[in-house]
Amino acid sequence: MRTTVAIIGAGPAGLFLSHLLHLHGVDSVVLERRDRDYCERRQRAGVVEHGVAEALRESGLGRRMDREGFRHDGIELRFDGRGHRIDFPDLTGRHVMIWAQTEIVKDLIARRLADGGQILFEAEATAVEGVESERPRVRFASPEGDEDVLECDYVVACDGFHGIGRTSLPEEVVSTYDKVYPFAWLGILADVPPSCDELIYARHERGFALHSMRSETVSRLYLQVPAETDTAAWSDDRIWSELAARFELADGAWKLGTGPITDKSITPMRSFVTEPMRHGRLFLAGDAAHIVPPTGAKGLNLAMRDVMLLAEGLRRRYAEGDTAGLDAYSDTALRRVWRAEHFSYWMTSLMHTDPAATPFDNRMQRSYLEHIAACRPAAAQLAENYTGLPEV
Ligand SMILES: Cc1cc2nc3c(=O)[nH]c(=O)nc-3n(C[C@H](O)[C@H](O)[C@H](O)COP(=O)(O)OP(=O)(O)OC[C@H]3O[C@@H](n4cnc5c(N)ncnc54)[C@H](O)[C@@H]3O)c2cc1C
């Protein structure tokens, strides 16, 4: 098989890249080791930055998001039994969309197939070869179990944190930066209308909690739990009473609605960056190159931003014969990546209770939260980063 751009992974990064390349007249094939149903059901992100939502609209993928998703103009920070709203349009002129990653993936797959795009499901990439030559190749196991080869001009690894893309870069050219947090998120999906109009980020002595939503009838909630937690240790009743305790307001004016829990999962928390994000004709994008703890809602957005940059670089390469965009890709993408890494680390450190924290550390956290609640520039800094910095 031969194509112009071989894309490994049909997550949001790989699918959006394939879609954008198609709009630019550049041919691609996507290899995905899972089946279509699995890709469309994997529960993950739900917050889409202002600029990424715009990019979805501009590329013809905004209609369902605008009809069925929610525009959110703020979030609530809840601590010491009080709530403080961060008003995005007032502070930044921007907003975010609440639109599940599963829905973005569904729309992208449907659109690629309708446009005649090639997504090979149950086709696992096993090796990337010849990336320093002009004819790189990706070996993959076909759905029938045979070994096949995809030849191309460029390989883009959008194969997530556990893929083969990153490990195909020679060790001597790669630096990695890593931080593992001593806690995880227990996430639930519940058939109950959200108890709030906007996301609530709660800091409590018992640990962090987040109230999010998927639709008018489905809520998504998270609890900070120790790393290595098993979901079996958390009965539905225990989850609801812990959530109620962490979200409680001092005046008792707010009540958490409960309902049947349809999904429980554990998300480990880590920060991770690979540098550079390119070697020869192999590019890394999305979680293949970097991971953030989900507190800042940046993972999906970074993945989409990477491939927007890459799609423009590839367009210039084929439309104008100019490789400047591709040559600058790694440095340009890494500037945004490191900003998002810092913001995600900062939000995580601000909102979670670290088991090793001293009483002094806890006072520092509360003091900063009070500063955000009282001081407009401090709130604006949070809002700027959360809604997505256009200039980085
Ligand atoms: C619980 C949770 C909540 C989150 N919340 C948010 C949020 O609110 N906002 C936000 O921005 N981000 C959030 N994130 C992060 C976000 O989901 C990820 O950053 C995003 O999925 C990255 O997309 P990707 O396309 O780079 O990688 P992935 O979505 O991981 O896709 C990689 C794809 O590659 C495939 N693959 C892997 N290896 C191979 C191979 N060898 N051959 C072929 N295919 C392969 C995989 O099967 C997968 O389909 C959250 C994550 C989690 C877990």
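Everything numeric in this text was worked out from a predicted model, so none of it was measured. Every chain is numbered on its own, with residues counted from 1 as its sequence reads. For a predicted model such as this one, the threshold for reporting local features is a pLDDT of at least 70, and the threshold for listing and counting side-chain atom pairs is 80 or more; totals across whole chains, interfaces and linings nevertheless cover every residue. With hydrogens and water excluded, all non-hydrogen atoms of the structure serve as input to the side-chain values.

A look at the overall build of the protein
Thinking step 1. Tallying secondary structure elements over the protein gives eleven helices and 20 strands in all.
Thinking step 2. The reference for a compact globule is 2.2 Å times residues^0.38; the radius of gyration itself is calculated from the C-alpha atoms. In terms of overall dimensions, the protein is globule-like: its C-alpha atoms have a radius of gyration of 21 Å, near the 21 Å expected for 392 residues.
Thinking step 3. Projecting the C-alpha coordinates of the protein onto the three principal axes gives extents of approximately 65 × 40 × 40 Å.
Thinking step 4. The contact rule is simple, with two residues in contact once any of their heavy atoms fall within 4.5 Å. The long-range fraction of contacts in the protein, counting pairs at least 24 apart against all pairs at least 6 apart in sequence, stands at 72%.
Thinking step 5. Working definition of accessibility: Shrake-Rupley area with a 1.4 Å probe, residue cover restricted to the visible protein chains. With the model as given, the accessible surface of the protein reaches about 16,700 Å², and the carbon-plus-sulfur share is 47%.
Thinking step 6. Charge assignment in this entry is limited to Lys and Arg as positive and Asp and Glu as negative, and neither His nor the chain termini are counted. Throughout, a charge is located at the NZ atom of Lys, the CZ atom of Arg, the CG atom of Asp or the CD atom of Glu. One way to put it: in the protein the 46 positive side-chain charges average out to a point 2 Å from where the 60 negative ones average out. For the purposes of this entry, the term helix denotes a DSSP run of H or I that reaches at least four residues, the term strand denotes a run of E that reaches at least two, and both are numbered from the N terminus.

Side note on the site of the ligand
Thinking step 1. For each residue, the test is whether any non-hydrogen atom lies within 4 Å of the molecule or strand; if one does, the residue is near. Around the ligand, a shell composed of 34 residues is seen, among which E32, R42, Q101, D287 and L300 lie nearest.
Thinking step 2. In the environment of the ligand, an oxygen atom lies 2.9 Å from a nitrogen or oxygen atom belonging to the side chain of R44.
Thinking step 3. In this structure, D287 approaches the ligand through a side-chain N or O atom, which is 2.7 Å from an oxygen atom.
Thinking step 4. Protein coverage of the free-state accessible area of the ligand, which is 1,000 Å², stands at 93%. Under this definition, polar contacts are N or O atom pairs within 3.5 Å; protein pairs additionally need one hydrogen-donor-capable and one acceptor-capable atom, and for neighbouring residues in sequence, both atoms have to be side-chain atoms.

Quick look at the packing of helix α9 (residues 324-351) against helix α10 (residues 359-374)
Thinking step 1. Between N-to-C directions, angles cover 0 to 180 degrees, with each direction set by a line fitted to C-alpha atoms, over the stretch in contact for helices. Remark: α9 packs on α10, axes separated minimally by 9 Å, with the N-to-C direction vectors making an angle of 110°. Classified by the angle their axes make, α9 and α10 are roughly perpendicular. The residues of α10 that touch α9, namely those facing W346, S349, L350 and M351, are Q365, Y368, L369 and I372.
Thinking step 2. Split into classes, the residues belonging to the contact of α9 with α10 amount to six nonpolar, two polar and no charged. What sets the label is the angle itself: under 35 degrees gives roughly parallel, over 145 gives roughly antiparallel, 65 to 115 gives roughly perpendicular, and the rest give oblique. Polarity classes work like this: nonpolar for Ala, Val, Leu, Ile, Met, Phe, Trp, Tyr, Cys and Pro, charged for Asp, Glu, Lys and Arg, and polar for all others, with Gly in that last group.

Things to note about the sheet that holds strand β1 (residues 5-8)
Thinking step 1. The strand order across the open sheet formed by six strands is β8-β2-β1-β12-β19-β18, and the pairing between neighbours is mixed. What marks the edges here is a single partner per strand, and that holds for β8 (118-120) and β18 (278-279).
Thinking step 2. Any two strands are treated as partners once DSSP identifies two or more bridges connecting them. Pairing between β1 and strand β12 (residues 154-157): four bridges, direction parallel. Among the inter-strand pairings, I7 is bridged to a residue of β12, identified as V156.

Some points on the packing of aromatic side chains
Thinking step 1. In summary, the pairing rule links any two rings of Phe, Tyr or Trp, Trp by its six-membered ring, whose centres are within 6.5 Å, and it sorts them by plane angle into stacked for under 30 degrees, edge-to-face for over 60 and tilted for everything else. Per the counting criterion, the structure on display carries 14 aromatic pairs.
Thinking step 2. An angle of 80° between the planes, with centres 5.1 Å apart, marks the rings of F161 and F272 as edge-to-face. Taken together, the positions of F161 in the loop between β12 and β13 (175-190) and F272 in strand β17 (residues 261-275) put the pair 111 residues apart, joining distant regions of the chain.
Thinking step 3. Only protein chains enter the accessibility calculation, which uses a 1.4 Å probe; a residue is then buried when its area is under 20% of its type maximum, exposed when over 50%, and partly exposed in between. Taking the relative accessible area as the measure of exposure, F272 reaches 7% and is therefore buried.
Thinking step 4. Seen from their ring centres, Y201 and Y386 are 6.0 Å apart, and the 90° between their planes marks the pair as edge-to-face. Taken as a pair, Y201 in strand β14 (residues 200-203) and Y386 in helix α11 (residues 376-387) lie far apart in primary sequence, 185 residues in all. Accessibility classification places Y201 together with Y386 in one group, the buried group.
Thinking step 5. An aromatic cluster of three or more residues is present, and its members are F88, W185, Y201, F208, Y222 and Y386.
Thinking step 6. Residue placement shows K298 over the ring face of Y386; its charged tip is 5.8 Å from the ring centre. Put simply, a charge is over a ring when the Lys NZ or the Arg CZ is close to the ring centre, within 6 Å, and near the line of the ring normal, within 35 degrees.

A few points about the nonpolar core
Thinking step 1. Residues belong to one nonpolar core when they are buried, are Ala, Val, Leu, Ile, Met, Phe, Trp, Tyr or Cys, and are joined through side-chain atoms within 4.5 Å. Counting 67 residues, the largest nonpolar core has F16, V48 and L310 as the members making the most contacts within it.
Thinking step 2. Considering each element in turn, this core owes the most residues, eight residues, to helix α8 (residues 299-320).
Thinking step 3. Residues within four places of L310 in sequence aside, it is in contact with L17, V156, F283, A285, L326 and Y329.
Thinking step 4. Grouped together as the second largest cluster of nonpolar side chains are 54 residues, I98, L186, L199 and A378 included.

Focus: the side chain of R112
Thinking step 1. In this structure, R112 sits in helix α6 (residues 101-114).
Thinking step 2. One buried charged residue, R112, remains without a salt bridge, the closest side chain of opposite sign being D115 at 4.2 Å.
Thinking step 3. The contacts of R112, once residues within four sequence positions are left out, are L15, S18, H19, H22, G117, Q118 and I119. Salt bridge, as used here: a side-chain nitrogen of Lys or Arg that lies within 4 Å of a carboxyl oxygen of Asp or Glu.

Thoughts on the domain arrangement of the protein
Accessible area lost upon the coming together of the parts is a frequently used measure of interface size.
Thinking step 1. These domain limits were set by an automatic method or by a database of domain assignments. Here the protein is described as being made up of domain 1 (5-46 + 100-174 + 276-347) and domain 2 (179-269 + 356-387).
Thinking step 2. If you average the C-alpha positions of domain 1 and of domain 2, the two centres end up 31 Å apart.
Thinking step 3. Across the contact, 16 residues belong to domain 1 and 17 residues belong to domain 2.
Thinking step 4. Summed over both partners, the accessible area lost on bringing two parts together, with a 1.4 Å probe, is the buried area. The junction of domain 1 with domain 2 conceals about 1,300 Å² of combined surface from both sides, 66% of it contributed by carbon and sulfur atoms.
Thinking step 5. Counting every contact that joins domain 1 to domain 2 gives six residue pairs in polar contact (both at pLDDT 80 or more).
Thinking step 6. Its residues placed into classes, the side of domain 1 that touches domain 2 shows nine nonpolar, four polar and three charged.

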